[in-house]
Each structure stands twice: as structure tokens, then as C-alpha cells.
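An overview of the molecular structure
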4 protein chains.
Amino acid sequence: MRSGMELGLVGLGKMGGNMAERLRRGGHTVIGYDRDPGLSDAGSLAELVERLPAPRVVWVMVPAGSPTQATIEQLAELLSPGDLVVDGGNSHYVDDQRHAVELKAKGIGFVDCGVSGGVWGLENGYALMVGGSADDVAKAQPVFDTLKPEGEFGFVHSGEVGAGHFVKMVHNGIEYGMMQSFAEGYELIKASGIVTDVPATFKSWQEGTVIRSWLLDLLNRALADDPDLEHIRGYASDSGEGRWTIQAAVDHAVPLPAITASLFARFASRQDDSPAMKVVAALRNQFGGHAVVKE
Amino acid sequence: MRSGMELGLVGLGKMGGNMAERLRRGGHTVIGYDRDPGLSDAGSLAELVERLPAPRVVWVMVPAGSPTQATIEQLAELLSPGDLVVDGGNSHYVDDQRHAVELKAKGIGFVDCGVSGGVWGLENGYALMVGGSADDVAKAQPVFDTLKPEGEFGFVHSGEVGAGHFVKMVHNGIEYGMMQSFAEGYELIKASGIVTDVPATFKSWQEGTVIRSWLLDLLNRALADDPDLEHIRGYASDSGEGRWTIQAAVDHAVPLPAITASLFARFASRQDDSPAMKVVAALRNQFGGHAVVKE
Amino acid sequence: MRSGMELGLVGLGKMGGNMAERLRRGGHTVIGYDRDPGLSDAGSLAELVERLPAPRVVWVMVPAGSPTQATIEQLAELLSPGDLVVDGGNSHYVDDQRHAVELKAKGIGFVDCGVSGGVWGLENGYALMVGGSADDVAKAQPVFDTLKPEGEFGFVHSGEVGAGHFVKMVHNGIEYGMMQSFAEGYELIKASGIVTDVPATFKSWQEGTVIRSWLLDLLNRALADDPDLEHIRGYASDSGEGRWTIQAAVDHAVPLPAITASLFARFASRQDDSPAMKVVAALRNQFGGHAVVKE
Amino acid sequence: MRSGMELGLVGLGKMGGNMAERLRRGGHTVIGYDRDPGLSDAGSLAELVERLPAPRVVWVMVPAGSPTQATIEQLAELLSPGDLVVDGGNSHYVDDQRHAVELKAKGIGFVDCGVSGGVWGLENGYALMVGGSADDVAKAQPVFDTLKPEGEFGFVHSGEVGAGHFVKMVHNGIEYGMMQSFAEGYELIKASGIVTDVPATFKSWQEGTVIRSWLLDLLNRALADDPDLEHIRGYASDSGEGRWTIQAAVDHAVPLPAITASLFARFASRQDDSPAMKVVAALRNQFGGHAVVKE
């Protein structure tokens, strides 16, 4: 059995807290820091760094953007050459590349790690996608080995810095497209009027079909609770990763019609009234005398 | 000056009534029939046929589907060999092909005629797209010449029976895509927050731009009346022709992404809540613990 | 253990032959008929019908459209009141509804059965989705029980006649969208240039991710054989079911953007040159003097 | 008649050269500078600035990105408080906002001006969309008045700095959607096989239809030269503005399905083989045993 590591973990929210728990169960010593003193082991980032033996590994699990940026800037001041920062949040891969340069200037290593698994990860393990140099990745390998699911899958070293978050971003883009596919199929079946047992239909698909998948299993859980989804509104948020996927596609001139349609469907789901469709209605009224629906 | 024809016109609604008026102004004698006796010149279709000199031309201007079908079946009984039926409604091109066969069995000719122009056609003329044999088209040419706009454009003999309604259908598909393009641009400009005078922007585009067009002129009329489109809901109907365009594309394996997106945007505009997006929201809740918006 | 039934099976191609085999392994007696005498147990459909004990069950497993139509017409002549026809092919649900009426006029029952499972079904079982009356479905239940996978999933009685093929059609539409989602993600990762091990990335996703699914497993099989997919062209056929899904969506005014994008991507993949994009290139040349690529 | 201004114009390529010509015809004195000494009036930017009377107006007409950036940095050094820079190129609106700040630090004004008109602008005038303060816009108004088309349209002051290029960007997005709409309609008509005279059909649409537009006129010019577009490949480039439109839509959570489809169709038109569709083909082969097309 592998011997446990000692590591710092910054950010002990729902995700970070669960990951700390899985690491401790796996035999590692985790010193946690969070802005909320009720969650935190250390009184400050400085204290967390002090308490870790060198060479240190600090896993950052805070919201992407400014919070991650601020944490990494502080760590660049606090850590020493030979230490390693792992960004396990949902950072943009372009930010990773900048962070790696900033830390490298101080001799500090950097690995970006995309994490999938949501609320199920504590028990089942988290799928991990990492980017960085082979040396840096090796330093955190025992941590990855504990966080990942049992078996041969669930961990990949995808490439240099940024590659981990890039493939996690694309994973989420694929997820958008798959969810939208099930969603469209559901709506069409409901609209057909000829399918009398919709939940049974989806449930039956869990074996023997081409579309069997974890998302289908989850949809069946939702339909078991609420067979007509009557207690839920058709209102879908989106996180940065869906948007970044489209932007990366545009940057690389890659056509991404299904995934983009999925993102746009979410945008539209959050509108009470569509300014675009006001224009269409206004135009129909102008050329054809078609009545408009008044506000 | 051309000498006028005598013709029958079945269907004297807004569109048919205006066309009859333009034909009379152009020197033709129009005997109209409508189910509404207040609009009708003849007491019955049979009377209309009786009053026309042979060889007769009867222009049918009634709603597509069953009403047109019924009218053509009656005319097949009432007319004589050598007579001609022109379907100027919005029939599906596949129906035209069947109607032509049915009428041909009785020696009666058939021409399908797609008509564009809406409420503006009475004054400006109607764009006409016809399908049929050269002989049949020639029989109604004086009528077409009066209905079309002045000048070299606005009339085409596109091909055999069905070709007229087919190209009118595609015209409408293109129209859907153009309207949606303006609509999307409008929404993005509104959302940007940096454009202080949106109506002035669209108005300026009427000259010198790549997108100058009649639809832009109409949008500017609408914005002149209601600069923020605040009195109109983003609710857009669709007629059969947009749907048929997509079906024809699927039949011919032609990718039609922009026009299809335009039709789907109209479908979505009419939904209070989207069953598909309920599924997306339910799935996000299942795997990520994301809160849902309750109904 | 259930006792075996005796049934007729028309169509012994790859799919029908495997199903006959699975049924025989399950203890049923299958009398097969195929146009190819080398595959056929009976010399004719009439002989097949004669050899079955009444009330008979005949499973039709021939291509959708004319072949199925012809087979059902023949069976309408050959079978007796109380017999049952199961259409296990890929028929359009509207055709099912017509077939049921035709057979009912002779007192013969009808069940439509969508079948998923492809080349894997012989071993793993086939997912079955059936439409018909409860009585008719009950008559063939022992057959369904053998064909379906072990366990609680893989069979559903979705509704009246047509519902089985309708939900199988939608299943295939969802499948199109899921495949396209993986395909788009793959292309973006390849185009990024920062992911050094693409097959390892996809392989790692088989556990712990939101997108784990049978299609992902299959993609990993394909990448194991051909890591850069260099021996396969980006040319994708489509079967009727994807097209019918779009047509049903248009009929029911259901927006289906991701699934439709998936179908259109297949259409485009089969074009050597795009007439539409010739127009775009011609227009850019006209207004901007942009050079065109000459044929 | 208005009295002419004296202004500097940097960048005398096809677009800049034509604009200089239109300005001179309109009574202005234009001192041009270009890297190509054969086109340039001044030997250097410094000389151009020296030769202009204060307060100076310098119109920048060089490629977006680094060339514009470099030119504006140089002008920031050379110009004096009270002078004005107009960026008439295709800059991103976010760059405008940065340029305005940089110049303002030196007391120099900035106006961004989106210009439409292509090769037709010299004779017909250019549509101009400007962003900036009212004072700055007023300083260049005589120049705008000469460049714009005759009549009441073709010029708009859309908002603060960035608004001009923003609305020009959206104009181009709308243009993408309109072009794609015509392109899709063309392909469907060609594929139908029932339209015998395609160019005549498009030509007829120039009057009386809902889709009459300058783009349609241009398409008819192209079809007059090459009725089957057989000398042109379906290969369409894209400029930055289409991509920026999508990115702005994603940033503002605005669904833009038709315009995005238009951009993606261009991306796809430039691919010899689609990596995404290799995946689809590989998956079909895996689950259904469908043959693939080998490379």
C-alpha cells in the first residue's frame, strides 16, 4: 500500500471538503485552509505553508477567475523553489499558462487538474485530467491516485500546462451536447401524444441501447422522483466551461454546431421574452399584416 | 396596351380581393367567387364556371390543404377540356403534382403560382413564380403580366408543375433566415449596453451597407413606431412553408442549418416553459447538486 | 423457466439471423423465411404460415418501406383471425398505424417493435420498444422476454400501435446528438495542439466523468485500433430514423437544434463541394473583391 | 457647400486609397502615408503629422490588430493635445476602448468608425458607424459627410468609444446570416431537380418579394457570369468580425443560432476531411458494423 503524503488544500467548500475527506480516507494528511474559519485548519495561507514539510504540494480548489488568481499570487510569495501548486478548480486553460509562468519565475512548479465527479466523487472517485511537466505531475501522483476512481480509468496526463483544464472544458462541452440530446428527445416524445408511459420508456433504455450512459441513469432518477418534471422549471444555467468551449472552437475554426446549440438553448431558457423574436414578430406584422401579440 | 382577359377568381379574402382589384385596374374582367356571399360575384362555383367564356381560366386563391383540395376537385367536375386552373395559394408542391394529374385526366391544364407581396402587392405588384407546361403558362400570361411589378423582374416560369410553389417555399425559407439574422443582430446590440441609439443605427444601414434590403426598411418602420419594441411580444408564428422547406431539405439531404435554426427559434418563442430545458435543469441538479427553479 | 413458443421469422439477414439464434438458445422454435433459399427454413411465406400452429405469431424483420409493406400485405392474405404480426424492422410509425388498420380488417393483431442492439445483441440482448394493444403485446411477451437483456431494463410497452417505432426513432435521434457531441469534442481537442495524448484522454473518461457511456466505450475501441483515425474517412451515412426524427419535430413544432445539427453534419460530410458555400464565396467576391478558389 | 478639411490618412491600400480619392473629390486635402513609398505622400508618420495644421485629424486605415496597435502607439507619441485619431479599420471594439484610454492620457481624442461599402464605396459612398464623444465626432464630421452616401442614411453615431466597431461587427454578423440563407436556398433549389431555370428564378426575385436586397442583386450578378457557379469552389473564408460576433454573443448570453451556423458552415467549407465526422463514422462502424470509407 502506498504511503500517504502531506499536502495543503485551499478551499474547503462542498467540492474541496469532499476531496479532503477522500484524501484523508486514503491515508494522506491534509492541512486545509478556507476563508471561513469554521472550515479551516490553518489561520492563514501563510500558516498553511509553514506547517507543510518541503517540498510542499498545495492544491487550490477555489472559484475560477479572481479568487484563483489571488490565491496563486499569494502562494507565489509564500512558497519556495521546488514546491508545487495544483489548480484543481475550473480555471480557463489560458490562465493556467500564465500562472505557470508566474510560478516558474520563483522556481515553483504548476499542474492544472480538471476534476469531474460532482457530488458522487467522494464515494466513487473523481475523474482527473492533468496538464504539466512529467516531473511536476509525478510529485502529486499519490494524491491523484487516491482521488481517482478504482480501476484503470479516471486519470490522464493530457499534455503540458493547460491541457488538463482544456480537456475538462471539452468534457463539459460534450456533456452539454449529450444533455441537450436527451432533452430534445424527451420533449419530442412528450409532444407526440402517442407514448403513454414516458418514464418507463426512458428507464427501459438503460440496457441494450446505443444511448445507455450515466446521464440517462440520472435522468431516470429524476423521472422516478417527478415523472412529468412538473416541479421543475425549464431554466438552465451555464458555467464558464460551456462558453469557453465555444470560444475555443471559434479560435481554432472548428465547427461545433451541436454543442453550441446546447449552450444557446440554455441562454434562451433564461429569457422571459426574446428581443430577437420581437423583431421577427414585428417584421411579420410589417410585410404580411400578421397580428402581433401585444405586451 | 394589352387587351384584358376574362377570368374566374376563387377566394376573395385579403389577398385574393387585392389581386382581383389589381387585375381589374389592369383591364381584366374578374368574376369572383367566395363562400362569403357579401364578397362573391357568383352564387356558386358552378355559376362562376358557367359565366366564363371557354377556354376558361380559373385562379384559385384559398387556404392550402383541404380548402384548395376541395376547390380543385369541384373544378375538375365543372370545367371542360382545354380549361386551365391556376393555384395561386400556398400549396405544397407535392399536392400540385397530384392536382395536375387529377385535372389532366379530364383534359384540364394546371399551373401552380407562388405569390409574394403581402399587403404591398396591390400597389407595387406581386412577385410570381410559376410551374407548369409552356402551353399552360402561356394561357395565363396576360394575368401574370398584370399582377407582377413593373419592369423586368418579379415573374419567373421556374419549371414543370410544382416548381412555382417549390421556389416560393424556398423564398420563404430564405426569408426566415434573413429575418432571424436581423433579429439576432438586434438582440446582441441591445444586450451590449454600449449602443445608445439602436433605432438610429438600424436606420443608418439603409444605404451603403451590405445588408440593405426591404426587410431592413420594414424593420426601420417598426422601430420608428416603437423604438424599443416594447409593445410587441417575442412570439412568432410560422406558416407551412418554413416547415416544408426543412422537410424538403431532409428529403434531399441538403444541410440547412441557418434556416432551420430560424424555424426552431419561432417554435421556442411560443413555449411558456420548455420541456427540454426541464430535462437539462433536472440533470444538472442530479449530477452537480445545482439548484433548480421550482414551478 | 418459461416454456418456448413457436413463431415465424421473416427476414434472416445479419440482424434477423442473430435474433433467430438468440430465440432458439432461449428455447423457442423459430421457423424462418428469407428470399435467399440458403437461409430459409420454409420454401415460401405460405409454407411458413402453414407450418405454424394457430394462433400464429409472425415476426417481420425486413427493410422498412416497400419490403415491409409487401410482406405485411402477403401476411394479411395468409394469416387467420387471432394471429399476430410483429414488425421488428425500422418502419416509420405512420406506416405502422396503417398496417395495423389493414390487418385489423382481417382480425389479425399487430405490434410494432423497435429493436436496438446491433451486432452486440446476440450476446447481450436487444433493447425492445413496443407499441400495440395490451392483448397483442401479451401474445408475444415470451419472445420479447428472450430477446431483451437480462435484468429489469431493455423492454418497454410504450403505447398504442406506432409508439414502439416512434420511441426507437427518437432513441436514434438522441444517438445522433450524442455521437455528434463526442465528435465535436474530439475535433476541438485535436485542433487545440496542446493535448499530446488524445486516445489516453478519451480512455480516462470511462470512469468518474459525467459523459461515461457505451458510445464512449466504443469510441475508445475505435481509438485503440486507429489512434488518429487515419484509416477512416469523415464520411457518415444516415438512416431513415434520423430524418424522421426531424420531420416529427417539425410536425409537432418542437425545436430540435442539436439533433438536427447532427443530421446536417452527416449530410455535409458526404459532399465533395458545397453548392451553398459556392454562393457564399461568390457573394464575398462580388461585394468585397475577395478572391475565390477556382474549380 | 461645405469647405474642405485637411486630414492625414494612414494606410493607402485598396480601401484606404479609394477613401482618399472620395475625400479629395469632396474637396478635402488628404495627406496620405503608407509603408509603400510608391503610395505615400509623406516619407514618415512623423512627416505626415508635421505637415498637418493643428488641431490635427488622422484617419487610420490599416489592418486590425498589431498594425493598428503600432500605428496608434506611434501617433500617441507624435500628436498633440487636442488632436484626433479616427480608427476606420476593422478593429475589435475592446481594442478601441484601450486605444481611447491610451490617447486620452496624452489629451488626444479618439473615434472608432466602422466602414461598409467594399469596392462599391468610392462611387456610392461608405456606410459609417462611429463611436466616441460628441465633441470628438463633431471634429471629423465633415469627413464623415463626404465619405457617406448621399441622402439621409449611411451615417450613425451609435454611442461611446467602441460602439462604432461594435455595430459594424454585428452588421457583418447579420451579413453572414443573410448570405447563408441565400446559399442554403440555392442549394435546396439545385438539389430539388424540379427547377429548370435557377438563375432566372433568383433574378425574378429582385422585385416584389420579401427577400429583395443588395445581396440578392449581387448573387444575380454572379449567376449572370457563371450560371451554375461551376468555376468557383465552395470554400469560404471568414474575417475576424464574424468570430467576434459569436464571442460577444457568448459573453452577453445572447442565443445566435443562425449567425453561428453561418460561421460554422464556413469553417467546414475549408476542411478536406472532418475529424468530427471520422468519429461519427467510426462509432457507426463499432455499434452497427456499418462499413466505413477508408482513407
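Residues numbered from 1 in each chain as written. Chains lettered and ligands numbered in written order. Predicted model: local features only at pLDDT ≥ 70, side-chain atom pairs only at ≥ 80, totals over all residues. Heavy atoms only, no water.

Looking at an unreviewed UniProt entry, chain A carries the name 6-phosphogluconate dehydrogenase (Decarboxylating), with the source organism given as Actinocorallia herbida.

Some remarks on the packing of aromatic side chains
Inclusion rule: Pairing of aromatic rings covers Phe, Tyr and Trp, the last counted by its six-membered ring, and requires centre-to-centre distances within 6.5 Å; plane angles under 30 degrees mean stacked, over 60 mean edge-to-face, and any other angle means tilted. Helix and strand definitions here come from DSSP, where helices need a minimum of 4 consecutive H or I residues and strands a minimum of 2 consecutive E residues; each element is numbered from the N-terminal end. Lysine NZ or arginine CZ positioned within 6 Å of the ring centre and within 35 degrees of the ring normal marks a charge as sitting over the ring.
Here the structure, examined in full by the defined rule, presents 28 aromatic pairs over all chains. Note on Trp-120 of chain D and Trp-214 of chain D: the rings are 5.8 Å apart at their centroids and 85° apart in plane angle, and the pair reads as edge-to-face. You can see Trp-120 of chain D sitting in the loop between strand 5 (109-116) and helix 5 (121-124) and its partner Trp-214 of chain D sitting in helix 10 (residues 214-225), a full 94 residues away along the chain. Lying over the aromatic face of Tyr-176 of chain A, Arg-266 of chain A brings its terminal NZ or CZ to 3.7 Å of the ring centre. Between Arg-212 of chain D and the ring centre of Trp-214 of chain B, over which it is positioned, the NZ or CZ distance is 4.3 Å.

Some words on the sheet that holds strand 3 (residues 57-60) of chain B
Sheet strands associate in pairs through backbone hydrogen bonding, adopting either a parallel or an antiparallel arrangement. All names here are of chain B. Note the cut-off: Only strands that DSSP links by at least two bridges are regarded as paired with each other. Geometry is summarised by axes, namely lines fitted to C-alpha atoms with helices restricted to the contacting stretch, and by angles between N-to-C directions that run from 0 to 180 degrees. Contacts are assigned to residue pairs that have any heavy atoms within 4.5 Å of one another.
Read across the open sheet, the seven strands follow the order 2-1-3-4-5-6-7; overall the sheet is mixed. Each edge of the sheet is formed by a strand with only one pairing partner; in this case those strands are strand 2 (29-33) and strand 7 (155-159). Strand-to-strand twist across the sheet, computed as the mean angle between neighbouring axes with direction ignored, equals 25°. Two elements, strand 5 (residues 109-116) and strand 6 (residues 127-131), share five bridges in a ladder whose sense is antiparallel. Paired with Cys-113 across the two strands is Val-130, which belongs to strand 6. Of the strands in this sheet, strand 4 (84-87) and strand 5 are in contact with helix 4 (residues 93-104), which crosses strand 5 at around 150°. Seen against the sheet, helix 8 (residues 163-192) touches strand 4, strand 5, strand 6 and strand 7 and runs at an angle of roughly 15° to strand 5.

Thoughts on the domain arrangement of chain A
Residues and elements named next belong to chain A. To be explicit about the condition: Segment limits for the domains were obtained from an automatic or database-derived domain assignment. Accessible area that two parts lose when put together, evaluated with a 1.4 Å probe and summed over both, is termed the buried area.
Each domain of chain A was delimited in the assignment, giving domain 1 (6-161) and domain 2 (169-276). Put simply, the middle of domain 1 and the middle of domain 2, counted by C-alpha atoms, are 31 Å apart. Taken together, the contact between domain 1 and domain 2 spans seven residues of the former and nine residues of the latter. Both faces combined, the contact of domain 1 with domain 2 buries some 650 Å², and carbon together with sulfur accounts for 66% of it. For the domain 1 face of the interface with domain 2, the top three residues by lost area are His-92, Tyr-93 and Trp-120, together amounting to 63%.

Focus on the relation of the copies chain C and chain B
Counted only if it meets this: Superposing copies: least-squares fit, C-alpha atoms only, residues required to have pLDDT of at least 70 in both.
Here chain C sits on chain B after a turn of 180° about the axis and a move of 0.0 Å along it, with an RMSD of 0.0 Å. Such values leave the two copies arranged in the relation of a two-fold axis. When each C-alpha of chain C is compared by its distance to the rotation axis, Gln-247 of chain C comes out closest, at 3.1 Å. Interface residue correspondence from chain C to chain B reaches 100%, placing this contact among same-surface, isologous pairings.

A short note on the side chain of Lys-168 of chain A
Assignment of secondary structure puts Lys-168 of chain A in helix 8 (residues 163-192). What Lys-168 of chain A contacts, discounting residues up to four positions off in sequence, is Asn-90, Gly-114, Val-115, Ser-116, Met-129 and Glu-241 of chain A.

Details of the interface of chain D and chain B
Counted only if it meets this: By definition, a salt bridge exists where a carboxyl oxygen of Asp or Glu is found within 4 Å of a side-chain nitrogen of Lys or Arg. Think of a polar contact as two N or O atoms within 3.5 Å of one another; within protein, one of them needs to be a possible hydrogen donor and the other a possible acceptor, and neighboring residues in sequence only count if both atoms come from side chains. Each residue receives one of three labels: charged for Asp, Glu, Lys and Arg, nonpolar for Ala, Val, Leu, Ile, Met, Phe, Trp, Tyr, Cys and Pro, and polar for the others, Gly being one of them.
Opposite the 67 residues of chain D that make contact, chain B presents 67 residues. Around 5700 Å² of area is buried between chain D and chain B when both sides are counted, 72% of it from carbon and sulfur atoms. Together, Phe-153, Leu-188 and Val-210 of chain D form the three largest contributors to the area buried by chain D at its contact with chain B, with a combined 12%. Joining chain D to chain B, the criterion identifies two salt bridges. A salt bridge links Glu-152 of chain D to Lys-203 of chain B; the shortest N-O distance between them is 3.6 Å. Our count for the chain D to chain B interface comes out at 16 residue pairs in polar contact (both at pLDDT 80 or more). When contributions to the side of chain D that touches chain B are tallied by element, the ones reaching two or more residues are helix 4 (93-104), strand 6 (127-131), strand 7 (155-159), helix 8 (163-192), helix 9 (198-204), helix 10, helix 11 (240-251) and helix 12 (257-269) of chain D. Ranked by the residues each element gives to the side of chain D that touches chain B, the list is headed by helix 8 of chain D, at 19 residues. When grouped by side-chain class, the residues that make up the side of chain D that touches chain B number 34 nonpolar, 24 polar and nine charged.

Description of the packing of helix 8 of chain D against helix 10 of chain D
What describes two packed helices is the angle between their axes and the distance between those same axes. Residues and elements named next belong to chain D. Rule in force here: To sort the angles, those under 35 degrees are grouped as roughly parallel, those over 145 as roughly antiparallel, those from 65 to 115 as roughly perpendicular, and the leftovers as oblique. A clockwise turn of the near helix away from the far one marks a right-handed crossing, whereas an anticlockwise turn of less than a right angle marks a left-handed crossing.
At a closest axis distance of 11 Å, the pairing of helix 8 and helix 10 adopts a crossing angle of 45°. With respect to each other, helix 8 and helix 10 are oriented oblique. Helix-helix and strand crossings are classified by hand; for helix 8 and helix 10 the assignment is right-handed. On the side of helix 8, the interface is formed by Glu-175, Met-178, Met-179, Phe-182 and Tyr-186, while helix 10 contributes Leu-215, Leu-216, Leu-219 and Leu-223. Across the contact of helix 8 with helix 10, the residue classes break down as eight nonpolar, no polar and one charged.

Some remarks on helix 3 (residues 66-78) of chain B
Residues and elements named next belong to chain B. To keep things clear, this is the line we draw: Helix span, expected: 1.5 Å multiplied by one less than the number of residues in the helix. Here the term buried applies to any residue with accessible area under 20% of the maximum for its type, exposed to any over 50%, and partly exposed to those in between, with areas from a 1.4 Å probe on protein chains only. Taken from the helix axis, the directions to the C-beta atoms give the arc we talk about.
Taking 1.5 Å as the rise per residue, helix 3 with 13 residues should run 18 Å; its terminal C-alpha atoms sit 18 Å apart, in good agreement. Within the sequence span of helix 3, burial applies to Thr-68, Gln-69, Thr-71, Ile-72, Leu-75 and Ala-76. For helix 3, the angular spread of buried residues about the axis comes to 165°, placing them on one side. Exposed residues pointing more than 90 degrees away from the buried face of helix 3 are listed as Ser-66 and Glu-77. Summarising the contacts, the buried residues of helix 3 are in contact with strand 1 (6-10), helix 2 (45-51), strand 3, strand 4, helix 4 and strand 5.

Overview of the pattern of salt bridges
Tallied over the entire structure, the rule returns 61 salt bridges over all chains. Arg-51 of chain A is paired through a salt bridge with Glu-47 of chain A; the nearest N and O atoms lie 3.0 Å apart. Placement of both Arg-51 of chain A and Glu-47 of chain A in helix 2 (residues 45-51) is noted, with a separation of four residues, approximately one turn of the helix. The exposure class of Glu-47 of chain A is partly exposed, given its relative accessible area of 28%. Where Asp-228 of chain D meets Lys-190 of chain D, a salt bridge forms, and the shortest distance between an N and an O atom there is 2.7 Å.

Some details on the nonpolar core
Where we set the bar: In plain words, nonpolar cores are sets of buried Ala, Val, Leu, Ile, Met, Phe, Trp, Tyr and Cys residues tied together by side-chain atoms within 4.5 Å.
Core analysis: the largest hydrophobic core is formed by 215 residues, its most contacted members being Phe-202 of chain A, Phe-202 of chain B, Phe-202 of chain C together with Phe-202 of chain D. Residue contacts for Phe-202 of chain A: discarding those within four places in its chain leaves Phe-182, Gly-185, Tyr-186, Ile-189, Leu-216, Leu-219, Asn-220 and Leu-223 of chain A.

Some points on the relation of the copies chain D and chain B
Rotating chain D by 180° and translating it 0.0 Å along the rotation axis places it on chain B, where the RMSD comes to 0.0 Å. Both copies contact each other with a shared surface, as 100% of the interface residues of chain D are interface residues in chain B too.

So, helix 13 (residues 275-288) of chain A
Residue pairs three or four apart in sequence face the same way in an α-helix, which turns once every 3.6 residues. Under the 1.5 Å per step criterion, the end-to-end length of helix 13 of chain A is 20 Å for 14 residues, consistent within 8% with the ideal 20 Å. Burial analysis of helix 13 of chain A places twelve of its 14 residues in the buried class, the great majority of the element. Considered for burial, the residues of helix 13 of chain A that qualify are Ala-276, Met-277, Lys-278, Val-279, Val-280, Ala-281, Ala-282, Leu-283, Arg-284, Gln-286, Phe-287 and Gly-288 of chain A. Looking at the packing, one finds that the buried side of helix 13 of chain A touches helix 1 (14-25), helix 8, helix 10 (214-225) and helix 12 (257-269) of chain B. Of the residues flanking the end of helix 13 of chain A, it is Gly-289 of chain A, one or two places downstream, whose phi is positive at about 70°.

Points about the interface of chain C and chain B
Taken residue by residue, the interface counts 20 residues in chain C and 20 residues in chain B. Roughly 1600 Å² of surface becomes buried between chain C and chain B when both sides are summed, with 74% attributable to carbon and sulfur atoms. The tally of links between chain C and chain B comes to zero salt bridges. At the junction of chain C with chain B, the criterion picks out four residue pairs in polar contact (both at pLDDT 80 or more).

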